[in-house]
Amino acid sequence: MNNSQKADILIQALPYIKQYSNQILVVKYGGSAMTDENLKKSVMSDITLLQQVGIKVVLVHGGGPEINDTFERMGIKTEFIGGLRKTDREAVEVVQMVLAGKVSKNLVSLIANNGGNAISLSGADARMIECVKISDDLGFVGEITKINVKPVLDLLEKGYIPVISSVGTDKDGNPYNINADTVASRLAGELKAYSLISMTDTKGILKDPKDESTLINLIKLSEEKTLLKEKFVSGGMIPKIKCCFDALKAGVNRVFIIDGRVPHAILIEVLSDEGIGTMFTANGL
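A brief report on the enclosed structure follows.

Rules of the game
- Residues numbered from 1 in each chain as written.
- Predicted model: local features only at pLDDT ≥ 70, side-chain atom pairs only at ≥ 80, totals over all residues.
- Heavy atoms only, no water.
- Salt bridge = Lys/Arg side-chain N within 4 Å of Asp/Glu carboxyl O.
- Helix = DSSP H or I, 4+ residues; strand = E, 2+ residues; numbered from the N terminus.
- Pairing = 2+ DSSP bridges.
- Axes fitted to C-alpha atoms, helices over the stretch in contact; angles between N-to-C directions.
- Phe/Tyr/Trp six-rings, centres within 6.5 Å; stacked < 30°, edge-to-face > 60°.
- Buried < 20%, exposed > 50% of the residue type's maximum accessible area, 1.4 Å probe, protein only.
- 1 Å grid on protein atoms, 1.4 Å probe; cavity = no way out; pocket = protein on both sides within 12 Å on 5 of 7 lines; lining within 4 Å.
- Points joined across faces, edges and corners; volume = space filled by probe spheres on them.
- Nonpolar A, V, L, I, M, F, W, Y, C, P; charged D, E, K, R; others polar.

## Structural notes on the pattern of salt bridges
Pairs can form between side chains of opposite charge whenever their charged atoms are close. Scanning all chains against the criterion turns up eleven salt bridges. A salt bridge links Glu224 to Lys249; the shortest N-O distance between them is 2.9 Å. Within this pair, whereas Glu224 is found in helix H8 (residues 224–228), its partner Lys249 is found in helix H9 (residues 237–249), the two being separated by 25 residues in sequence. One salt-bridge network, held together by shared partners, links Lys28, Asp181 and Lys240.

What follows is the structure, given as structure tokens:
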């Protein structure tokens, strides 16, 4: 790439930098981008860059692959109901250990290696995420009842990237596993975020999961009921799509589902004319 091409990229990015300047961007990080070391480093580099150009980034992460690997080594069986992981008392303690310990701290270190400043939090810190049990069938899987965003805002104000693991507690302090998309959606709404980006292992919402040419580029809030009845919306995509609509209802300007397997996917979505994935908006603009 020559200097002229580099200049063109910067010129194209400038209006988007201005648009997002001092705004809150919530990124839900998951999928292959968490397991491929090169992609992981790329994502953390991109997030650091966004912070350095004046965007207030909040990183929310799951850790399904890490949890699955730990469960396998410990002989704990995994079962999913409606796209959510069934979690008993033993399992939730492992989930908390993996997410709030191993995964979160690793991401903070990678951000630091790229020159960024980050601090990890779980929903248990400062009772940030309070929840109740969704159902006895799911066990220690939480439904969010209250979010205290003050710790997040305090960190953003001091120039840190909050790295938040999807663990919450009930009124008695018991830990609960919470779907990371749900945490990201609720946080984005409570923070009045400008945008929410959800990274996944697909190009976006596909009418035919086996055909990437069937990507739906734009989905309006008014299409919620119709979309959720479609046969191609199933499994883990159900809570993900519901969370996108919930974020819009809570006042988030735009929500994106993007392919985390694409290097620099976040930068392409945020700082370029190109854009990738599926965009959800309240009014279709």
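## Brief notes about the sheet that holds strand E11 (residues 195–200)
Pairing in this open sheet of eight strands is mixed, and the strands run E5-E8-E2-E1-E11-E15-E16-E14 from one edge to the other. If you trace the sheet from one side to the other, it starts and ends with strand E5 (118–122) and strand E14 (218–220), each paired once. Each strand axis lies, on average, 20 degrees off the axis of its neighbour in the sheet, ignoring direction. For strand E1 (residues 24–29) and strand E2 (residues 56–61), the ladder comprises six bridges, and the chain directions are parallel. Note that in E2 the partner of Val26 across the bridge is Val58.

## Some details on the packing of aromatic side chains
Any aromatic ring pair is given by two values, namely how distant the centres are and how the planes are angled relative to each other. Going through the model one piece at a time under the given rule, you end up with three aromatic pairs. Judged by centre distance (5.0 Å) and plane angle (75 degrees), the ring pair of Tyr20 and Tyr194 falls under edge-to-face. Of this pair, Tyr20 sits in helix H1 (residues 3–20) while Tyr194 sits in the loop between helix H7 (180–190) and E11; the two residues are 174 residues apart in sequence, bridging distant segments of the chain. Neither Tyr20 nor Tyr194 differs from the other in exposure class; each is buried.

## Brief notes about the pairing of strand E16 (residues 278–281)
Of the two faces of E16, the one lined by Thr278 and Phe280 and the one lined by Met279 and Thr281 are each fully buried. Two elements, strand E15 (residues 254–259) and E16, share four bridges in a ladder whose sense is antiparallel. Note on E16: the bridge partner recorded for Phe256 is Met279.

## Observations regarding the layout of surface pockets
If you add up the space inside the largest pocket, you get close to 670 Å³. As for the largest pocket, its lining consists of 29 residues, of which Lys28, Gly64, Gly83, Asn179 and Asp181 are closest to the centre. Residue assignment for the lining of the largest pocket shows that the elements contributing at least two residues are helix H4 (64–74), strand E4 (84–85), H7, E11 and H9. Per-element tally for the lining of the largest pocket: the top contributor is H4, with four residues. For the lining of the largest pocket, the per-class residue count stands at twelve nonpolar, twelve polar and five charged. The volume enclosed by the second largest pocket comes to roughly 430 Å³. Breaking the lining of the second largest pocket down by element, the ones donating at least two residues are strand E7 (142–147), H7 and H9.

## Focus: the pairing of strand E8 (residues 161–165)
Along E8, five of the five residues are buried, which leaves the element largely enclosed by surrounding structure. Residues Ile161, Val163 and Ser165 of E8 are buried on one face, and the alternating residues Pro162 and Ile164, pointing to the opposite face, are buried as well. Strand direction decides the pairing type here: E2 and E8, joined by three bridges, are parallel. From the neighbouring strand, His61 faces E8, where its bridge partner is Ser165. Pairing of E5 with E8, which is carried by five bridges, proceeds in the parallel orientation. In the sheet register, Leu121 faces E8, and the bridge partner there is Ile164.

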